[in-house]
Amino acid sequence: MPNLDSAFSALSDPTRRAILARLALGEATVMELAKPFAMTQPAVSRHLKVLESAGLIVRRAEGTRRPCQLAKPGVAAIDAWLDMLRGALEKNYERLDAVLAETKSEIKS
Amino acid sequence: MNRTESAVMSRMTLKTEGDTHVVVTRHFAAQPEAVYRAHTDPQLLQRWLLGPEGWTMPVCVSEARPGGMMRYEWSNGKGEGFHLTGEYLELEPYRRIVHVERMHLPDPTPDNHIETLFEPDGDGTLMTMRMTLPDAETRRQMLATGMEQGMEASYVRLESLIAG
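Here we summarise the structure given alongside this text. Quantities reported herein were computed from a predicted structural model and do not represent experimental measurements.

Overview of the overall build of chain B
- Regarding its fold elements, chain B presents 4 helices and 8 strands.
- Traced from its N-terminal end to its C-terminal end, chain B shows the element sequence β-β-α-α-β-β-β-β-β-β-α-α.
- Taken across its 164 residues, chain B has 51% of its residues classed as buried.
- Taking as baseline every contact in chain B between residues at least 6 positions apart, the subset at least 24 positions apart corresponds to 40%.
- Total accessible area on chain B stands at roughly 7,500 Å², and carbon and sulfur atoms take up 52% of it.

Re the sheet that holds strand β2 (residues 21-28) of chain B
Residue and element names in this part refer to chain B.
- What the 8 strands build is an open sheet, ordered β1-β2-β8-β7-β6-β5-β4-β3; its pairing is antiparallel. In this open sheet, the two strands that pair with only one neighbour each are β1 (12-17) and β3 (56-62). Between one strand and the next, the sheet's axes are offset by a mean angle of 20 degrees, whatever the strand orientation.
- Sheet topology note: the β3/strand β4 (residues 69-75) ladder contains 5 bridges and is antiparallel. Among the inter-strand pairings, C60 is bridged to a residue of β4, identified as Y72.

Some thoughts on empty space enclosed by the protein
- Under the defined criterion, the tally for this structure stands at 2 cavities of 30 Å³ or more.
- For the second largest cavity, the calculated volume is near 70 Å³.
- In terms of lining residues, the second largest cavity is bounded by 11 residues, among which F8, L11 and S12 of chain A together with R139 and L143 of chain B are the most central.
- If you list the elements that add at least two residues to the lining of the second largest cavity, you get α1 (4-11) of chain A together with α3 (136-144) of chain B.
- Per-element tally for the lining of the second largest cavity: the top contributor is α3 of chain B, with 4 residues.
- Of the residues that constitute the lining of the second largest cavity, the class distribution is 5 nonpolar, 2 polar and 4 charged.

Comments concerning the side chain of T128 of chain B
- Mapped onto the elements, T128 of chain B comes out in strand β8 (residues 124-132).
- Beyond its immediate stretch of four places on either side in the chain, T128 of chain B contacts V23, V24, T25, E115, T116, L117 and E119 of chain B.

Some words on the pattern of salt bridges
Residue and element names in this part refer to chain B.
- Scanning the entire structure with this criterion turns up 16 salt bridges over all chains.
- We note a salt bridge from R96 to E90, for which the minimum N-O separation is 2.9 Å.
- Among the residues examined, R96 registers a relative accessible area of 14% and is labelled buried.
- A salt bridge links R102 to D111; the nearest nitrogen and oxygen atoms lie 2.6 Å apart.

A short note on the pairing of β1 of chain B
Residues and elements named next belong to chain B.
- Alternating positions in β1 separate cleanly, M12, L14 and T16 being buried on one face and T13, K15 and E17 remaining unburied on the opposite face.
- By the bridge criterion, 6 bridges tie β1 to β2 in an arrangement that is antiparallel. Each bridged residue has a counterpart across the sheet, and for L14 the counterpart in β2 is V24.
- Hairpin connection from β1 to β2: 3 residues lie between these consecutive antiparallel strands, with G18 at a positive phi of about 55 degrees.

Details of the nonpolar core
- Formed by 38 residues in total, the largest nonpolar core has its most connected members in Y93 of chain A together with V24, W48, Y72, W74 and M131 of chain B.
- Take this core: its biggest share by element is 5 residues, from helix α5 (residues 72-108) of chain A.
- Counting 22 residues, the second largest nonpolar core, distinct from the first, contains L11, L23, A54 and L70 of chain A.

Quick look at the packing of aromatic side chains
Residue and element names in this part refer to chain B.
- Evaluated as defined, the whole model comprises 7 aromatic pairs over all chains.
- Seen from their ring centres, Y36 and F118 are 5.7 Å apart, and the 75 degrees between their planes marks the pair as edge-to-face. Pair noted here: Y36 is in helix α1 (residues 32-40) and F118 is in strand β7 (residues 112-121), with a separation of 82 residues, a long-range link. Assigned by exposure class, Y36 and F118 land together as buried.
- Considering the side-chain rings of W74 and F82, the 5.3 Å spacing of their centres and the 35 degrees angle between planes classify their relative orientation as tilted. Pair check on accessibility: W74 and F82 agree, each one buried.
- Within the aromatic cluster, the residues linked to one another by ring pairs are W55, Y72, W74 and F82.

Conventions used here
- Residues numbered from 1 in each chain as written.
- Chains lettered and ligands numbered in written order.
- Predicted model: local features only at pLDDT ≥ 70, side-chain atom pairs only at ≥ 80, totals over all residues.
- Heavy atoms only, no water.
- Helix = DSSP H or I, 4+ residues; strand = E, 2+ residues; numbered from the N terminus.
- Buried < 20%, exposed > 50% of the residue type's maximum accessible area, 1.4 Å probe, protein only.
- Contact = heavy atoms within 4.5 Å.
- Areas by Shrake-Rupley, 256 points an atom, 1.4 Å probe, with all protein chains shown as cover.
- Pairing = 2+ DSSP bridges.
- Axes fitted to C-alpha atoms, helices over the stretch in contact; angles between N-to-C directions.
- 1 Å grid on protein atoms, 1.4 Å probe; cavity = no way out; pocket = protein on both sides within 12 Å on 5 of 7 lines; lining within 4 Å.
- Points joined across faces, edges and corners; volume = space filled by probe spheres on them.
- Nonpolar A, V, L, I, M, F, W, Y, C, P; charged D, E, K, R; others polar.
- Salt bridge = Lys/Arg side-chain N within 4 Å of Asp/Glu carboxyl O.
- Core = buried A, V, L, I, M, F, W, Y, C linked by side-chain atoms within 4.5 Å.
- Phe/Tyr/Trp six-rings, centres within 6.5 Å; stacked < 30°, edge-to-face > 60°.

Written as structure tokens, this is what we have:
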């Protein structure tokens with residue numbers, strides 16, 4: 001399981017988010033990832049290292065290629081965490097719905 | 001990742017914008033005036049701005065005028081609690097609120113600058129809350145660690161993060 005703190009830290013960079021967006025479409029090599037970003041391969045590799053240690057991507061060996069893909073458990077852990085936070089916020093708003101409904105009927109009566 | 005959300009959840013959206021913003025939208029089945037009042041009237045705030053089950057807001061100060069103070073204190077009834085302080089900056093009745101706030105956990109978090117809009121939407125109101133944090137690192141900390149209590153209104157859909 002990834003450390004949420006390092007996962008959010010990894011996500012705080014727009015290039016790394018864009019890399020994840022690309023990997024959401026399927027696995028890719030460093031070279032393929034470097035192309036749309038006008039970045040050098042070492043620069044992309046540094047971002048990949050951050051994403052990898054945050055548990056958001058995994059790299060597999062395929063001959064000399066090491067294609068990257070999204071790490072499902074890492075992505076799912078963040079999603080579960082955000083779901084919990086969304087749920088807590090939505091609970092507030094459901095209470096507000098009830099308050100608004102009561103206020104409305106108080107005005108009518 | 002693309003789980004099916006319930007009809008209730010789909011009324012709310014949560015996303016990050018740029019490096020320092022978090023934007024929350026929610027539709028309410030009431031007029032903008034009522035939704036605005038529920039965001040500024042202390043007695044109404046105490047009825048809904050509570051976070052997880054079991055928490056209450058025993059202290060609610062909300063001086064809804066430019067320069068007015070806000071102070072919300074939450075308690076779980078077991079001796080644990082925390083509070084938020086802030087100041088109102090601009091108010092356009094029933095339409096727009098601009099304020100700053102910070103959580104005390106117990107050290108104060110960096111200021112969160114929030115603009116909340118209430119716009120007519122069909123028979124009801126569309127609320128849009130746009131938060132601006134001082135920097136990407138502060139937003140990261142808020143999302144990752146500052147919200148164990150589930151009280152801060154700053155939530156993100158991973159899909160939107162990934163979609164940039």
